[in-house]
There are 2 protein chains.
Amino acid sequence: MSNLCSDEGKILYQLNEIFKQISPKFEKCTGISQSRLDLLHKLFEVDETSQTELQKAVNIDSAAVTRHLKQLEGKGMVTRRKNPNDNRFTFVSLTDEGRERIVSFRKEKEQFITKVLRDFSEEEQTSLSNMLSRIQKNVKDIQY
Amino acid sequence: MSNLCSDEGKILYQLNEIFKQISPKFEKCTGISQSRLDLLHKLFEVDETSQTELQKAVNIDSAAVTRHLKQLEGKGMVTRRKNPNDNRFTFVSLTDEGRERIVSFRKEKEQFITKVLRDFSEEEQTSLSNMLSRIQKNVKDIQY
DNA sequence: CTTAATCAATTGACGGGTCAATAGTTGACT
DNA sequence: AGTCAACTATTGACCCGTCAATTGATTAAG
């Protein structure tokens, strides 16, 4: 009875730790934060899109999206303009420079990911991914 | 070639999403943030300890530890006093009230965890935990 | 036409984390 | 003794996320 939540709790603890350890290393390796890279990545695929679309794709608060994009704009990675047909929306797109730079970011990210999954076989990866999906579903189903 | 980092990248993405989804739900279900509960949990085990010990156990910055403990002290969950033999250290311990309340927190946490791991067999849990350990190790080995 | 509802984006206040600088204490060495 | 290095805790500045309130634009209804 010494450890009320040890065995099961360990997994929660591990998920936590992994996240805390991955985030800063990811940033140091790739030179950009995960959220920002996600934003750029999405822009890379779609050319031009609204901020709400981006927000849904990246799954962070729209306030955070606004702030990220403003900074990325300041760094010349991104341009923003109002939708002429509906001034509520702002369209966002990569600049040429941004489009160029994201290529190397993606490469860094790939390298990072292969390091994280070193020694994981194809089967293990799908097995892990499936378990994580199940956890995700369980979490979603939790009622307050 | 459409998705350069899809298959492997998915796992990183999932880990991220799970963390983002778990944190707020955990807090709503248990009534306390994970870090704070970790602090209290550690205190529950050891009676009285220094802040650096706590910091190591919980694995967050010492600045954050200080701020958490000050707030917990304000809420009467925790008491702090200087180590009489070495005034650099401050000893922290649960108050009676804190000790009492943490019991229910732990119960909430256990319930939360079982919900997160619903439908996971014993074997699956250990398998998952092992994989997470391997990932943790891989992350630790990453050089900048 | 004007009013109300809705929607996108922005802003401010806050929680929680990091790092870097500082204050205060201790211990060791000359 | 006195100085210097090491160590704990604290503080301030910053990043990143949330929520809630606000602004500006559009649309729907009377």
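A quick note: this is a predicted structure, and the numbers were derived from the prediction, not measured. Residue positions are given per chain, counting from 1 as you read along its sequence in written order. All chains are assigned letters beginning at A, and all ligands numbers beginning at 1, according to the order in which they are written. It should be noted that, the model being predicted, local features are given only for residues of pLDDT at least 70 and side-chain atom pairs only at 80 or more, the latter also being counted only at that level, while totals for whole chains, interfaces and linings use all residues. Excluding hydrogens and water, the side-chain figures rest on all heavy atoms present in the structure.

Caption draft 1: Expanded view of the protein's contact with DNA strand D. In the vicinity of DNA strand D lie 23 residues, with A:Ser35, A:Asp61, A:His68, B:Lys70 and B:Arg80 positioned nearest. The protein-proximal atoms of DNA strand D, defined as those within 4 Å of the protein, are 69% sugar or phosphate. Polar contacts, as used here, are pairs of N or O atoms within 3.5 Å; protein pairs need one atom able to donate a hydrogen and one able to accept it. Residues neighboring in sequence count only if both atoms are side-chain atoms. Contact distances for DNA strand D include 2.3 Å between a phosphate oxygen and a backbone N or O atom of A:Asp61. A distance of 3.4 Å separates a sugar or linking oxygen of DNA strand D from a polar atom in the backbone of B:Arg88. Helix and strand definitions here come from DSSP, where helices need a minimum of 4 consecutive H or I residues and strands a minimum of 2 consecutive E residues; each element is numbered from the N-terminal end. Those elements that place two or more of their residues in the surface near DNA strand D are helix 2 (34-46), helix 4 (62-74) and strand 3 (86-94) of chain A together with helix 3 (51-58), helix 4 (62-74) and strand 3 (86-94) of chain B. Here the surface near DNA strand D is composed, by residue class, of five nonpolar, nine polar and nine charged. By convention in this text, a residue qualifies as near a molecule or strand provided that one of its non-hydrogen atoms is within 4 Å of it. Throughout this entry, Asp, Glu, Lys and Arg are counted as charged residues, while Ala, Val, Leu, Ile, Met, Phe, Trp, Tyr, Cys and Pro are counted as nonpolar. The remaining residues, Gly among them, count as polar.

Caption draft 2: Structural context of the relation of the copies chain A and chain B. Of the transformation superimposing chain A on chain B, the axial component is 0.0 Å and the angular component is 180°, with the fit at an RMSD of 0.1 Å. The relationship between the two copies is best expressed as a two-fold rotation axis. Throughout, a residue-residue contact means that at least one pair of heavy atoms, one from each residue, lies within 4.5 Å. When the interface residues of chain A are mapped onto chain B, 100% of them again fall at the interface, so both copies present the same face. To line up the copies, we fit them by least squares on C-alpha atoms, keeping just the residues with pLDDT of at least 70 in both.

Caption draft 3: Structural detail: the protein's contact with DNA strand C. In the region of DNA strand C, 24 residues are neighbours, and A:Lys70, A:Arg80, B:Ser35, B:Asp61 and B:His68 sit closest. Near-protein atoms of DNA strand C (within 4 Å) split between backbone and bases, with sugar and phosphate holding 70%. A distance of 2.8 Å separates a phosphate oxygen of DNA strand C from a polar atom in the backbone of A:Thr52. Separating a phosphate oxygen of DNA strand C from a side-chain N or O atom of A:Thr66 is a distance of 2.9 Å. Where the surface near DNA strand C is concerned, the elements lending two or more residues are helix 3 (51-58), helix 4 and strand 3 of chain A together with helix 2 (34-46), helix 4 and strand 3 of chain B. Of the residues forming the surface near DNA strand C, the biggest block, five residues, is contributed by helix 4 of chain A. Here the residues of the surface near DNA strand C are counted per class, giving five nonpolar, nine polar and 10 charged.

Caption draft 4: Expanded view of the sheet that holds strand 3 of chain A. All names here are of chain A. Two strands pair if DSSP finds at least two bridges between them. With antiparallel pairing, three strands are arranged side by side in an open sheet as 1-3-2. Among the strands making up the open sheet, the edge pair consists of strand 1 (48-50) and strand 2 (78-83). Within the sheet, the average angular offset between the axes of one strand and its neighbour, ignoring direction, is 30°. In the sheet, strand 2 pairs with strand 3 via six bridges, with the strands oriented antiparallel. In this analysis an axis means a line fitted to C-alpha atoms, helices contributing only their contacting stretch, and an angle means the value between N-to-C directions, from 0 to 180 degrees.

Caption draft 5: A look at helix 4 of chain B. Residue and element names in this part refer to chain B. For helix 4, which comprises 13 residues, the first-to-last C-alpha distance of 18 Å matches the rise-based estimate of 18 Å (1.5 Å per residue) to within 8%. Note on classification: 1.4 Å probe, protein chains only; a residue is buried when its accessible area is under 20% of the maximum for its type, exposed when over 50%, partly exposed between these limits. Considered for burial, the residues of helix 4 that qualify are Val65, His68, Leu69 and Leu72. Considered in projection along helix 4, the buried side chains sweep an arc of 95° and stay on one side of the axis. Facing away from the buried side of helix 4 by more than 90 degrees, the exposed set consists of Arg67, Lys70 and Gly74. The N-cap of helix 4, judged by a side-chain oxygen 2.8 Å from the amide nitrogen of Ala63 a few residues on, is Asp61. One fewer than the residue count of a helix, multiplied by 1.5 Å, yields its expected span. Taken from the helix axis, the directions to the C-beta atoms give the arc we talk about.

Caption draft 6: The packing of aromatic side chains, seen in detail. Here the aromatic set is Phe, Tyr and Trp, taking the six-membered ring for Trp, and pairing holds for ring centres within 6.5 Å; pairs whose planes are under 30 degrees apart are stacked, those over 60 apart are edge-to-face, and all others are tilted. Under the criterion given, the structure shown has three aromatic pairs over all chains. Seen in terms of ring centroids, A:Phe19 and B:Phe19 are 3.7 Å apart; in terms of plane orientation they differ by 10°. Their pairing is stacked. One end of the pair, A:Phe19, is in helix 1 (residues 7-30); the other, B:Phe19, is in helix 1 (residues 7-30), on a second chain. Each ring, one from A:Phe26 and one from A:Phe112, has its centre 5.2 Å from the other, and the planes form 85°; the classification is edge-to-face. Of this pair, A:Phe26 sits in helix 1 while A:Phe112 sits in helix 5 (residues 96-116); the two residues are 86 residues apart in sequence, bridging distant segments of the chain. Judged by relative accessible area, which is 1%, A:Phe26 ranks as buried. With relative accessibility at 1%, the residue A:Phe112 sits in the buried group.

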